[in-house]
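# Structural characterization, general
Each chain, written out:
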Amino acid sequence: MIVAIDGPAGSGKSTTAKGVAEKLGYLYLDTGAMYRAATAAVLAASIDSDDELAVSDCVETIEIDFDETGRLIFLNGEDVSQTIRGQEVTQNVSTVSAYPQVRKRMVFMQRGIAGHRDSVVEGRDIGTVVFPDADFKFFIVASIEERAERRQKDLAGLGVDQTVNDIVEDLKRRDALDSSRDVSPLTKSEDALEVDTTSMNIKQQIDLIVRHVRDRSARKETQAIGE
Ligand code: DC
């Protein structure tokens, strides 16, 4: 069973996906963290993120693993869970994640991790490219102001002080890059259910998705019994 959760940065998809995975007892896979870890590897090797060939070669050699909760991420065995949330990685990740070779390797790894287990997988292209046959697909959206305010709170928790205006500008820049790239741009899969979380709290978002998955799964089972 694959539950695909896509959406732009700050839409609330990470917190929602974690909560849904916990409630359903499924594996949680944060594919954004994988692109961030790849970017951290590129920066650690002092490679210019605009150098597509060098970036692609570097990403080809890295190993990425998660702990059993899916919350800690390891790059070549080293815990990089904090590093990947830093400014430098955030500023370069859209460039690195736009390269076809990088995406190819990440998608291969993602299918390997989540392909044989019940999983909640969150990202930008999960319902469209990574798992186009996912059992459930959600596309999470929220207003840009709400997304910026949520991001500000997250950053404050990490000790980073940034104005809402600066965050709005950064989100717009990343939205434009993520949505306009040639390979696997951020788009809603036709068969995904759109969830606008602007005026929802985390519990409501999680409950809505869990209820939807449970109701539909129960209906499918009943149908199968009746066949
Ligand atoms: O969800 P996030 O902000 O941690 O994602 C970081 C970046 O990774 C984001 O700018 C776009 C990219 N990304 C992607 O291209 N495809 C995915 N499936 C997930 C993330």
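These lines cover the structure that appears in this document, whether it is placed above or below. The structure presented is a predicted model; accordingly, all values stated were derived computationally and were not measured.

Criteria and thresholds
Residues numbered from 1 in each chain as written. Predicted model: local features only at pLDDT ≥ 70, side-chain atom pairs only at ≥ 80, totals over all residues. Heavy atoms only, no water. Salt bridge = Lys/Arg side-chain N within 4 Å of Asp/Glu carboxyl O. Helix = DSSP H or I, 4+ residues; strand = E, 2+ residues; numbered from the N terminus. Near = heavy atom within 4 Å. Polar contact = N/O pair within 3.5 Å; in protein donor to acceptor, adjacent residues only side chain to side chain. Expected span 1.5 Å × (residues − 1). Buried < 20%, exposed > 50% of the residue type's maximum accessible area, 1.4 Å probe, protein only. Pairing = 2+ DSSP bridges. Axes fitted to C-alpha atoms, helices over the stretch in contact; angles between N-to-C directions. Contact = heavy atoms within 4.5 Å. Core = buried A, V, L, I, M, F, W, Y, C linked by side-chain atoms within 4.5 Å. Parallel < 35°, antiparallel > 145°, perpendicular 65-115°, else oblique. Left-handed = near helix turned anticlockwise from the far one by under 90°.

### A short note on the pattern of salt bridges
By the definition in use, this model includes 11 salt bridges. A salt bridge links Glu146 to Arg150, with the shortest nitrogen-to-oxygen separation between them at 3.1 Å. Taken together, the residues span about one helical turn, with Glu146 and Arg150 both in helix 7 (residues 144-157) at a distance of four residues. Within the structure, one salt-bridge network assembled from shared partners comprises Lys23, Lys203 and Asp207.

### What about the site of the ligand?
Taken together, 16 residues sit near the ligand, with Arg36, Arg103, Asp125, Arg174 and Arg181 positioned nearest. Contact between the ligand and Thr31: a nitrogen atom at 3.0 Å from a side-chain N or O atom of the residue. The contact in question runs from an oxygen atom of the ligand to an N or O atom on the side chain of Asp178, over 3.2 Å. Ranked by residue count, the leading element in the shell around the ligand is helix 2 (residues 31-44), at four residues.

### Re helix 1 (residues 13-24)
The first and last C-alpha atoms of helix 1 sit 16 Å apart over 12 residues, in line with the 16 Å expected at 1.5 Å per residue. Of the residues making up helix 1, those classed as buried are Lys13, Thr16, Ala17, Gly19, Val20, Ala21 and Leu24. After helix 1 finishes, the residue Gly25 shows a positive phi value of roughly 75 degrees.

### Focus on the sheet that holds strand 7 (residues 136-141)
Ordered in space as 2-6-1-7-8, the five strands form an open sheet in which the pairing is parallel. The sheet terminates laterally at strand 2 (27-30) and strand 8 (193-196), the two strands that pair on one side only. Taking each pair of neighbouring strands and ignoring which way they run, the sheet shows an average axis angle of 20 degrees. In terms of strand pairing, strand 7 meets strand 8 through four bridges, oriented parallel. Bridge pairing in strand 8 places Phe138 opposite Leu193. Sitting on the sheet, helix 1 is in contact with strand 1 (2-6), strand 2, strand 6 (119-123) and strand 7, with an inclination near 175 degrees to strand 6. On top of the sheet, helix 2 reaches strand 2 and strand 6; it is set at about 45 degrees to strand 2, its chief contact.

### A few points about the pairing of strand 7
Counting buried residues in strand 7 gives six out of six residues, a clear majority hidden from the surface. Here strand 7 shows a buried face lined by Phe136, Phe138 and Ile140 and a second buried face lined by Lys137, Phe139 and Val141.

### Notes on the nonpolar core
In terms of nonpolar packing, the biggest core is built from 37 residues, with Ile64, Ile73 and Met106 touching the most fellow members. The biggest single contributor to this core is helix 2, with eight residues. Not counting residues up to four positions away in its chain, the partners in contact with Met106 are Met34, Tyr35, Ala38, Val59, Ile62 and Ile64. Judged by nonpolar contacts, the second largest core, of 17 residues, contains Ile5, Ala17, Val20 and Leu24.

### Notes on the packing of helix 2 against helix 3 (residues 52-60)
When two helices pack together, their arrangement is given by the angle between the helix axes and by the axis-to-axis distance. It is at 9 Å that the axes of helix 2 and helix 3 come closest, and there the two elements cross at 115 degrees. What the angle tells us is that helix 2 and helix 3 run roughly perpendicular. The handedness of the crossing between helix 2 and helix 3 comes out as right-handed. Contacts from Ala38, Ala41 and Val42 of helix 2 reach helix 3 at Val55, Cys58 and Val59.

### Regarding the side chain of Asn92
Along the chain, Asn92 turns up in helix 4 (residues 87-96). Judged by relative accessible area, Asn92 falls into the buried class, the value being 18%. The residues touching Asn92, leaving out its near neighbours within four places in the chain, are Thr39, Leu43 and Ser49.

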